[in-house]
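What follows is each chain in one-letter form.
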Amino acid sequence: MVEKRPLLDFVSHAVLVVGAVLVAFPIYVCFVASTHSLEAIMQVPMPLLPGSHFLENYKQVLLAGSTKGSQAAVLDMLLNSTIMALVVPLGKITISILSAFAIVYFRFPMRNVFFWMIFVTLMLPVEVRIIPTFKVMADLGLLNTYAGLTLPLIASATATFLFRQFFMTIPDELAEAARMDGAGPMRFFVDVVWPLSKTTMAALFVIQFIYGWNQYLWPLLITSDESMYTVVIGIKRMIVGGDAANEWQLVMATAMLAMLPPAMVVLLMQKWFVKGLVETEK
Amino acid sequence: MADVSLRDVRKSYGAVQVIQGIGMDIADGEFVVMVGPSGCGKSTLLRMVAGLETITSGTISIGGRVVNDLEPKDRNIAMVFQNYALYPHMSVFDNMAYGLKIQGLAKAEIEARVQRAAGILELSKLLARRPRELSGGQRQRVAMGRAIVREPSVFLFDEPLSNLDAKLRVQMRSELQALHRRLGTTTLYVTHDQVEAMTLANRMMVMNGGHAEQIGAPLEVYSRPATAFVAAFIGSPPMNLVAGRMTADGGAIEGEGGVAIRLPVARPALAGREVLLGVRPEHLEGCAESEAMLQPDVDFMELLGSDSLVYGHLGTNKQGARVAARLHTSVVAKAGHLPLRFADEHLHLFDPASGKRIEP
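Not measured: the values here are computed from a predicted model. (Residues numbered from 1 in each chain as written. Chains lettered and ligands numbered in written order. Predicted model: local features only at pLDDT ≥ 70, side-chain atom pairs only at ≥ 80, totals over all residues.)

Participant: Would you mind showing me how to read the overall build of chain B here?
Facilitator: For chain B, the helix and strand inventory stands at eight helices and 21 strands. Overall, the C-alpha framework of chain B stretches about 75 × 45 × 30 Å when taken along its three principal axes. By residue count, 40% of the 360 residues in chain B fall in the buried class. Once local pairs closer than 6 in sequence are excluded, the contacts in chain B between residues at least 24 apart make up 63%. (Helix = DSSP H or I, 4+ residues; strand = E, 2+ residues; numbered from the N terminus. Buried ≥ 20, exposed ≤ 12 C-beta atoms within 10 Å, placed from the backbone. Contact = placed C-beta atoms within 7 Å.)

Following this line, the structure appears as structure tokens:
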């Protein structure tokens, strides 16, 4: 649309600016709080300009952690979170793409039954099956391990469904042409399906990275050892009691650090992400 | 190079038989077109030859070898699909080379074959491009190139030109002809376009409802259609078919509502018999009223330039015996009766029950 309506421009920009400020302000406060000493934050009103303790606070949380509540270093937590946020999406993509490939391209008995069984699990989020899952993990001796942290989150109906829908848009003739060319099923998968799925995989990776990174309830249950904490529950573990009992500047610094990686992933993969959601290159 | 033979080939999906026993011998190097309306089973038959559909009964052999249970790749064939089915993420070169790579040919050999095919199809400058950067005609050529590089003994084409615009279709048609002349490879070609069938085929198979109505050279099919279906399907505009009963002297037919057509030469042997009389629009010509064999009332006309198509009806029922005639524009009369005649060699008679041709 080519239109020149200054008032409309002004109003729409005003709405956008107000919206952006509303979203950004808490993050800004969080950042400001992470750069002051505890005493400074405890003043009323709290300062709204960055203070001088930036390096000190971040150095302390990264290397030593809080002195109250959980005392694990945030660097270790970040590492745990990273491992979890990488293993979950990669595992999901690997398993989902293969199961979707089987469901779409192979005729085997009860094919639809299997598809619906996978589909039905969509109705059972982690929270609903968390107690039995915990029991299973505990019996397998996987408490406080990376396997225990990631394994239950890897099975994914959503991703399988997404890949299935994508595969169904690939023309049958492509599979037939590959057959004429002499490609077996796995060759077809590797040479044709896999490259065509790249953007879908990228989109899924972004979504699932954030999903894995932001997991709260499951890591809270499965980890009791501080060295296995992810950063999201690390924040919670730093908060122990009343208002004054916590080192808020360190909690805020940890929160800032926890926000960064997902933001980075979204920023870096934005192009691929959008492509994966809208592109239909066939 | 190979001949192809179909022996009583049948295909059923459950109780529904979609291919009802087709037999044909295709000689080495022959260009055979299978033509018919949508749903007549022509694509299914081609896919059975390709090995993409199983054969319920009967045998298909290529080069004397029964291929019923062979995988497509082992049949030494290549197929061109209607929507091209190019691998979208591969360059033109890789698209053409993919099958050869799987066969495990040496790099130099692949390169040579692809370059040769690209040369034939004038694709040499496009080898690095992706399919989406090509026009429809170019994509079609890549699809053909992918078939050529395999140096198969049989080419299979499944409506390859139907996604192209009219002008490009004519151009690709002549390119296909040139290609066949050059390579001399046995070719099976499926289309619903009877013009494509007429122009490309050495022999054509007109299909309807899962069986072959007629197999023959295009001109033979045109001039001596074996059934009323073939008569109506081949030719544009389609042949006029008028139902009626032969008069007692066999000199004319009379239908309901005053429909009447006089025959150029009387057929006393057929006197009293119900027939379908067929005559092509292009074989009708204007004449004096005294010589007229039929006198349709003109409903409307289409002026095509040198020719005009005149549409009319016989008798009192406007929707009954409709007749079309392709006449020289100078002859075209205004509305009203239009006296027309035709030569005896252009008369076709069919049995209305079986649709089979009656030799006049």
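Participant: Looking at this model, I keep getting lost on the confidence of the model for chain B. Mind explaining?
Facilitator: Detail in the predicted coordinates should be disregarded across regions flagged by low pLDDT. Looking at chain B, pLDDT values average 91 and 98% of them are 70 or higher. Reported confidences for the modelled complex are a pTM of 0.81 and an ipTM of 0.82. (pLDDT = per-residue confidence, 0-100.)

Participant: Could you clarify how one ought to interpret the sheet that holds strand β14 (residues 274-279) of chain B in this entry?
Facilitator: If you walk across this open sheet you meet the six strands as β13-β12-β11-β14-β20-β21 (chain B), and the pairing is antiparallel. Each edge of the open sheet carries a strand with a single partner, namely β13 (260-262) and β21 (357-358) of chain B. (Pairing = 2+ DSSP bridges.)

Participant: Hey, could you run me through the pairing of strand β8 (residues 186-191) of chain B in this one?
Facilitator: Moving residue by residue along a regular strand, the side chains alternate between the two faces of the sheet. Residues and elements named next belong to chain B. Of all six residues in β8, six are buried; the element is thus mostly enclosed. Neither face of β8 is exposed, since Thr 186, Leu 188 and Val 190 on one face and Thr 187, Tyr 189 and Thr 191 on the opposite face are all buried. Pairing geometry for strand β3 (residues 31-35) and β8, over five bridges, is parallel. Looking at β8, one finds that Met 34 is bridged to Val 190. Handedness of the crossover is the feature at issue here: the chain leaves strand β7 (residues 154-158), passes through helix α5 (residues 166-183), returns alongside β8, and the resulting connection is right-handed. (Right-handed = clockwise from strand over helix to strand, strands pointing away.)

Participant: What am I meant to see in unusual backbone geometry here?
Facilitator: Peptide bonds are trans in most cases, and residues, glycine excluded, mostly fall at negative phi. Across the junction of A:Val44 and A:Pro45, the peptide omega takes the value -5 degrees, indicating a cis bond. Within the secondary structure, A:Pro45 is located in the loop between α2 (38-42) and α3 (54-63). Even without being glycine, A:Met110 reaches a positive phi, approximately 65 degrees. Here A:Met110 lies in the loop between α4 (74-105) and α5 (111-120). If you check the backbone angles, B:Glu151 has positive phi at about 50 degrees while not being a glycine.

Participant: Explain helix α8 (residues 157-169) of chain A to me, please; I cannot follow it from the model alone.
Facilitator: Quick reminder: α-helices carry 3.6 residues per turn. Residues three or four places apart thus point the same way. All names here are of chain A. In this model, α8 (13 residues) spans 19 Å end to end at C-alpha, consistent with the 18 Å of a helix rising 1.5 Å per residue. Of the residues making up α8, those classed as buried are Ala 159, Thr 160, Leu 162, Phe 163, Arg 164 and Phe 166. Tucked into the core, α8 has its buried residues touching α4, α5 and α11 (198-213). (Expected span 1.5 Å × (residues − 1).)

Participant: Before we go on, may I ask you to explain the nonpolar core in this structure?
Facilitator: One recurring pattern in soluble globular proteins is that nonpolar side chains are buried together. Residues B:Val32, B:Met34 and B:Leu156 are the most contacted members of the largest nonpolar core, which totals 133 residues. The residues touching B:Val32, leaving out its near neighbours within four places in the chain, are B:Ile26, B:Thr187, B:Leu188, B:Tyr189, B:Ala201, B:Asn202, B:Arg203, B:Met204 and B:Met205. (Core = buried A, V, L, I, M, F, W, Y, C linked by C-beta atoms within 7 Å.)

Participant: How do you make sense of the packing of α4(A) against helix α13 (residues 231-238) of chain A when you look at a structure like this?
Facilitator: A pair of packed helices is characterised by two quantities: the angle between their axes and the separation of those axes. Residues and elements named next belong to chain A. Two elements in contact, α4 and α13, have axes separated by 8 Å at closest approach and are oriented at 145 degrees. Contact residues: α4 offers Val 74, Met 77, Leu 78 and Ser 81, while α13 offers Val 231, Val 232 and Gly 234. A per-class count over the contact of α4 with α13 returns five nonpolar, two polar and no charged. (Axes fitted to C-alpha atoms, helices over the stretch in contact; angles between N-to-C directions. Nonpolar A, V, L, I, M, F, W, Y, C, P; charged D, E, K, R; others polar.)

Participant: What am I meant to see in the environment of A:Ile222 here?
Facilitator: Structurally, A:Ile222 is set in helix α12 (residues 217-222). What A:Ile222 contacts, discounting residues up to four positions off in sequence, is A:Phe134, A:Met137, A:Leu143, A:Gly148 and A:Leu149.

Participant: It is not clear to me how the sheet that holds β3(B) should be interpreted in this structure. Could you clarify?
Facilitator: In sheet architecture, strand pairing relies on hydrogen bonds along the backbone and comes in two forms, parallel and antiparallel. Residue and element names in this part refer to chain B. Ordered in space as β6-β7-β8-β3-β9-β10, the six strands form an open sheet in which the pairing is mixed. The sheet terminates laterally at β6 (77-80) and β10 (211-216), the two strands that pair on one side only. Between one strand and the next, the sheet's axes are offset by a mean angle of 15 degrees, whatever the strand orientation.

Participant: I'm lost on the interface of chain A and chain B in this one. Help?
Facilitator: Think of interface size as the accessible area that goes away when the parts come together; that is how it is often given. With 16 residues of chain A at the interface, the matching set in chain B holds 17 residues. Secondary structure elements with two or more residues in the side of chain A that touches chain B: α9 (172-180) and α10 (185-196) of chain A. Looking at the side of chain A that touches chain B element by element, the count peaks at six residues for α9(A). Partitioning the side of chain A that touches chain B into residue classes produces eight nonpolar, one polar and seven charged.

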